[in-house]
Structures are given as structure tokens and as C-alpha cells.
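An overview of the molecular structure
Listed here are the chains, written in short residue letters.
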Amino acid sequence: MRIEGKRLSIIVLISGNGSTLQAIIDSIAAQTLSAEIKAVVSEQADAYGLERAEKAGIPTVVVKVRDYPDRNAYDRALDALFQDYQPDLIVLAGFMRILGTDLVKRYYGKLINIHPSLLPRYPGLNTHERALKAGERQHGTTIHFVSEELDGGPIIAQEVVDVLPDDTPDSLKKRVQTVEHQLYPKVLSWFAAGAVQLIPDGVKIIGKLLKNQNDTCKIKRGC
Ligand code: GRF
């Protein structure tokens, strides 16, 4: 349970570049997000995101899959970290491992992810390539609670990005990420305000706690 007036405490799980992590760090520094990153956890020892965390003075932990005999042992190591840090929220930001069912069940409602597509379209990998190949006119990003179904948990927020005629997977990815870097800190600020509720039908964002009513999801699913 979060204590009123206290900063939202989070841990961020990454695998690579960490540009999303950077956006969260920058929002905290700019005081547009009242949160504290207790630790950054990476499943890759050479993830550039670890350098970003260290530069910001945030403790880092590397939990490599190949250091554990099996998936359950790996999940137990993550669980131990979650218990150590006791965060209000576990934020997946480009974390490329699928978490086991038991772990996901245990932390349901506390685990959120950002996925680069307008879910339920294009769960899984290579979303930009697949959206372009399918001739989509619109693409985008989704922030959702993590459930046992891959990229299938209740949606908290989505933002649409128009596909341009000359888009390549890279150019589209760049524009999607620009939007992601604004949307994730914004959604975290909703959590910090206690405005996000997981309800049986999906997710409710309590409008009166938001400064701007337009902050609610562009695609009104669960809002
Ligand atoms: C983001 O596009 C996110 O949607 C996806 O992974 C990317 C993370 O990039 N899950 P970065 O490591 O934060 O730069």
C-alpha cells in the first residue's frame, strides 16, 4: 500500500539501451514525476541502461538468465529482488524476458510494461516491421498491466502514431519511442497520484485526480 504524500517507489527492469529508463529519470529530475527509482535491474551485463542508471546514482543489479539452472530459479531471483526493494510498482522498460506465470500472478497489479504497438494488435516481437508489412495507417504504443498472457494484460494507456508513406521500421520505431518517452512518465505520474485502479473490466483512471482530462487514454479502453 502506498502512503499518501510519499513518492512512488519503483524498480525498472531493462535489457538494453534504456532510453525509456532515461525518460523516467529525466522526469523525476524535472519534478514532473514524483517517484524514486530504488534500483535498475538488467538481464544483460552490458546494457547501456546500466550506465544511465549509474550516472543518475541509482543502484543497479544484473540478473542474467544463464546464471540460473532454470526459469523457476531465475524467477525466484527476481522475486527475491522485488521483496528486498518492496517497490510500489515494477516497471518493465524494454525488458526482453518473459516472466514466469507464478511470478506474474504473485505481482499482478504491481507489474507494468510498455509495448511498441497498439495492442491487441502485434503482441510479441518486430512490431514495427509487422505493422508496416500489414499496411497499417496507424501504429503506436501501449502501457499495460502484465498478466499471464503475453502482452495481453489490462491496458492502462495507448498513444497513436501515424504511419508515413516512406516509413521504414527504424523511422517508425524512432517516432514511437519519442511518444513512449512522454507516455511512460505520464502514466507513472498517474500511479503516483493514486489515480490508476485495476477493476474487473479493465483499468480505471480516476479523472478528478488528473490535472488535464485529456491525459486519459487516447483509445478509451478501460478508462
Ligand atoms: C521500447 O520501444 C519499448 O516499447 C519496448 O522496448 C523498447 C525499449 O527501448 N518494450 P529502450 O531500451 O528503453 O531504449
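Remember, it's a predicted structure, so these values are computed and weren't measured experimentally.

1. Regarding the sheet that holds strand β6 (residues 138-145)
Hydrogen bonds along the backbone pair up the strands of a sheet, which may run parallel or antiparallel. Taking strand neighbours across the sheet as the criterion, the seven strands line up as β3-β2-β1-β4-β5-β6-β7 in an open arrangement whose pairing is mixed. On the outer flanks of this sheet lie β3 (60-62) and β7 (155-162), each paired with one strand and no other. Adjacent strand axes in the sheet meet at a mean angle of 20°, parallel and antiparallel pairs treated alike. Across seven bridges, β6 lies against β7 in antiparallel orientation. Residue G140 lies in a different strand from β7, and its bridge partner there is V160. The sheet contacts of helix α3 (residues 71-85) involve β1 (8-14), β2 (35-42), β3 and β4 (89-92), and relative to β2 the element is tilted by about 160°.

2. Quick notes on the pattern of salt bridges
One pass over the structure, following the stated rule, counts six salt bridges. Where D79 meets R106, a salt bridge forms, and the shortest distance between an N and an O atom there is 2.3 Å. With D79 in helix α3 and R106 in helix α4 (residues 101-106), the pair connects residues that are 27 residues apart, well separated along the chain. Take D79: its relative accessible area is 8%, and that puts it in the buried class.

Thresholds applied
- Residues numbered from 1 in each chain as written.
- Predicted model: local features only at pLDDT ≥ 70, side-chain atom pairs only at ≥ 80, totals over all residues.
- Heavy atoms only, no water.
- Pairing = 2+ DSSP bridges.
- Helix = DSSP H or I, 4+ residues; strand = E, 2+ residues; numbered from the N terminus.
- Axes fitted to C-alpha atoms, helices over the stretch in contact; angles between N-to-C directions.
- Contact = heavy atoms within 4.5 Å.
- Salt bridge = Lys/Arg side-chain N within 4 Å of Asp/Glu carboxyl O.
- Buried < 20%, exposed > 50% of the residue type's maximum accessible area, 1.4 Å probe, protein only.

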